[in-house]
Each structure stands twice: as C-alpha cells, then as structure tokens.
Amino acid sequence: MGIETLPPVATSAADALFPKVRQRVLAVLFGTPDRSFYANEVIALAQSGTGAVQRELAGLSEAGLLTVSKQGNQKHYQANANAPVFAELRGLVLKTMGLADVLRAALAPLAAQIDAAFIYGSLARQQDTAQSDVDVLIVSNTLGYGEVFGALEAAAVSLGRTVNPTLYTSADWTKRLHDDNAFLTRVWRQPKIWLIGNEEHIDAAST
C-alpha cells in the first residue's frame, strides 16, 4: 500500500526568516511602534501561548529591539525606534507578517480582477501613528467600490484601523498620470507597499 505524500507547502518570506510566534510578536509591536503594550496585551493580540510570547519579549528586549518600562507592577514593551535596524525591521513587518499580509489576504478573492494594488500615504512612508488610516489604491477594470469595501471591511476590523480604498480603471489611471494629476503624481512618486502586482502590471494594463 503506497504512502500518500502531501504537496510541499509554500514558505513565505516571513516564515523563512522568523518562527511563527516571533512573527506575531513583531507584528504587534512594530505594526504600532508609537505605543507600548503590557505582556498580557501582546499575548492576546499575538494569539500565542504565554510562555512562548514571554520568551520572545525577553529575547527581543535583550537584543535592543524593544524598550521595557515599568508601570506599577507591570512591564510595558515598545518597539525601540532608536535601534539601528528599526526602519528596516518595521518595513519588513509591514510588508510581510503585519498589516500588508492582512490586506493582501482580504483582497485575494478579488485578485483576478485587480491589475495592481498598493498601500500609499503615511503608513508606506513609515510616518503613521496608531490613529492613521490605511490608504490603499487599486487599479481594476471590473470592480466597484461596494465589492472593494466589502472585501476590506473585515481587515479593517482586524487591524483596528480605517482602510480607505481609492479605485481607478487602468484607462483613468493612465490618463490622470499623463495629465500630471497632482494627487496621482504625488502618490506615484512616494513610497508604496505592494499588495498585488507592481509597476509593470500597471504599465501592462495601461497599454
């Protein structure tokens, strides 16, 4: 009797770099670096075991990636903005294990109808605060706002942030860029976190 073998599971960049619990802890702390969390908050938000999260918090603190402060009898943990790799690590968290992954998963059922989608604005520039909205631009020739809002609604609840989608057809996108539309020109020149596609996908859809 033969042994059934399962197909290999694709490994994400985050899985290749970090253990799962560390990914979740980093996503909590570096996803919202301007606030601190006490240990029980991190455990709840990371949806992981107490011991595993506490080991990660201790290791990340010892490495200088987190700051630790005492408030009463509780320790509060916060991403260390002065760490030499803070910007690079936060960028990696946003693009892989953090906010971008949540939005990417939310848009996945509509991906066949999307030429390109990316995050722009303060979050892509890493200048956001906990209150900042998430600005997402989508290029699609078939989707309407109702479908996009419906797909992103659960993600907004999960992230605890308002997600603001802006939707263009490929023809409208191309025309506005060629006409030097002030908004699109500014968006295009600033940093972006790609969710679906890339510059080539937009160019191909526009031709």
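Remember, it's a predicted structure, so these values are computed and weren't measured experimentally.

Participant: Now, about the sheet that holds strand β4 (residues 116-120): what can you tell me, with residues and values included?
Facilitator: Taken together, the four strands give an open sheet; going across it, the order is β6-β5-β4-β7, and neighbouring strands pair in mixed fashion. The open sheet has two free edges, formed respectively by β6 (163-168) and β7 (193-196), since each of these has just one partner strand. Mean inter-strand twist for the sheet, computed between neighbouring axes without regard to direction, equals 25°. Relative to strand β5 (residues 134-139), β4 runs antiparallel, the two sharing five bridges. Note that in β5 the partner of Ile 119 across the bridge is Val 136. Along the sheet, helix α9 (residues 182-189) makes contact with β4, β5, β6 and β7, crossing β4 at roughly 85°.

Participant: Give me the side chain of His 76: which residues, what numbers.
Facilitator: Mapping His 76 onto the fold places it in strand β3 (residues 74-79). Assessed through its relative accessible area of 10%, His 76 is described here as buried. For His 76, the side chain forms a polar contact with the side chain of Ser 36, separated by 3.4 Å.

Participant: Describe in detail the pattern of salt bridges, supporting the description with residues and values.
Facilitator: Taken as a whole and assessed by the stated rule, the structure comprises four salt bridges. Here Lys 175 makes a salt bridge to Asp 179, at a shortest N to O gap of 2.8 Å.

Participant: Outline the packing of aromatic side chains, supporting the account with residue identities and numerical values.
Facilitator: By the definition in use, this model includes 10 aromatic pairs. Geometrically, the ring pair formed by Phe 118 and Trp 188 is tilted, given 6.3 Å between the ring centres and 55° between the ring planes. On the criterion of sequence distance, the pair formed by Phe 118 in strand β4 and Trp 188 in helix α9 is long-range, its members being 70 residues apart. Pairwise contacts between aromatic rings join Phe 118, Tyr 120, Tyr 168, Trp 173, Phe 183, Trp 188 and Trp 194 into one cluster. The residue whose ring lies beneath Lys 192 is Phe 118, and the NZ or CZ to ring-centre distance is 6.0 Å.

Participant: Hey, could you go over the layout of surface pockets for me, with residue numbers and the actual values?
Facilitator: Taken as a whole, the largest pocket spans an internal volume of roughly 760 Å³. Along the walls of the largest pocket sit 26 residues, with Ala 27, Val 28, Leu 45, Ser 158 and Leu 159 positioned nearest its centre. Those elements that place two or more of their residues in the lining of the largest pocket are α1 (13-17), α2 (20-31), α3 (39-46), α6 (99-107) and α7 (145-159). Top contributing element to the lining of the largest pocket by residue count: α2, with six residues. Among the residues forming the lining of the largest pocket, the class breakdown is 12 nonpolar, eight polar and six charged.

Participant: Which residues make up the nonpolar core, and what values do they have?
Facilitator: Among the nonpolar cores identified, the biggest contains 26 residues, and Leu 103 and Ile 119 are the most heavily contacted of them. When contributions to this core are tallied by element, the ones reaching two or more residues are α6, β4, β5, α7, β6 and β7. Other than its neighbours up to four places away in sequence, Leu 103 contacts Ile 119, Val 134, Val 136, Leu 152, Ala 155, Leu 159, Val 163 and Leu 195. Counting residues in each nonpolar core, the second largest holds 24 residues, with Phe 18, Phe 37, Leu 60 and Tyr 77 among its members.

Participant: Break down the packing of α2 against helix α4 (residues 50-62) for me, citing the residues and quoting the values.
Facilitator: In contact at an axis separation of 10 Å, α2 and α4 are set at 65° when each is read in the N-to-C sense. Read as a crossing pair, α2 and α4 show a hand that is right-handed. The residues of α4 that touch α2, namely those facing Val 21, Arg 22, Val 25, Leu 26 and Leu 29, are Ala 52, Val 53, Glu 56, Leu 57 and Leu 60. Along the lines of polarity and charge, the residues of the contact of α2 with α4 split into eight nonpolar, no polar and two charged.

Participant: Give a detailed account of unusual backbone geometry, specifying residues and quantitative values.
Facilitator: The phi dihedral of Gln 47 falls on the positive side, at around 50°, and the residue is not glycine. For Gln 47, the location among the structural elements is in the loop between α3 and α4.

Participant: So what's going on with the environment of Gly 91? Which residues, and what values?
Facilitator: Tracing the backbone shows Gly 91 in helix α5 (residues 86-95). Residue classification places Gly 91 among the buried residues on the basis of a relative accessible area of 9%. Sequence separation between Gly 91 and Gly 31 is 60 residues, and the spatial gap between their C-alpha atoms is 9.3 Å.

The rules behind each value
Residues numbered from 1 in each chain as written. Predicted model: local features only at pLDDT ≥ 70, side-chain atom pairs only at ≥ 80, totals over all residues. Heavy atoms only, no water. Pairing = 2+ DSSP bridges. Helix = DSSP H or I, 4+ residues; strand = E, 2+ residues; numbered from the N terminus. Axes fitted to C-alpha atoms, helices over the stretch in contact; angles between N-to-C directions. Contact = heavy atoms within 4.5 Å. Buried < 20%, exposed > 50% of the residue type's maximum accessible area, 1.4 Å probe, protein only. Polar contact = N/O pair within 3.5 Å; in protein donor to acceptor, adjacent residues only side chain to side chain. Salt bridge = Lys/Arg side-chain N within 4 Å of Asp/Glu carboxyl O. Phe/Tyr/Trp six-rings, centres within 6.5 Å; stacked < 30°, edge-to-face > 60°. Lys NZ or Arg CZ within 6 Å of the ring centre and 35° of its normal. 1 Å grid on protein atoms, 1.4 Å probe; cavity = no way out; pocket = protein on both sides within 12 Å on 5 of 7 lines; lining within 4 Å. Points joined across faces, edges and corners; volume = space filled by probe spheres on them. Nonpolar A, V, L, I, M, F, W, Y, C, P; charged D, E, K, R; others polar. Core = buried A, V, L, I, M, F, W, Y, C linked by side-chain atoms within 4.5 Å. Left-handed = near helix turned anticlockwise from the far one by under 90°.

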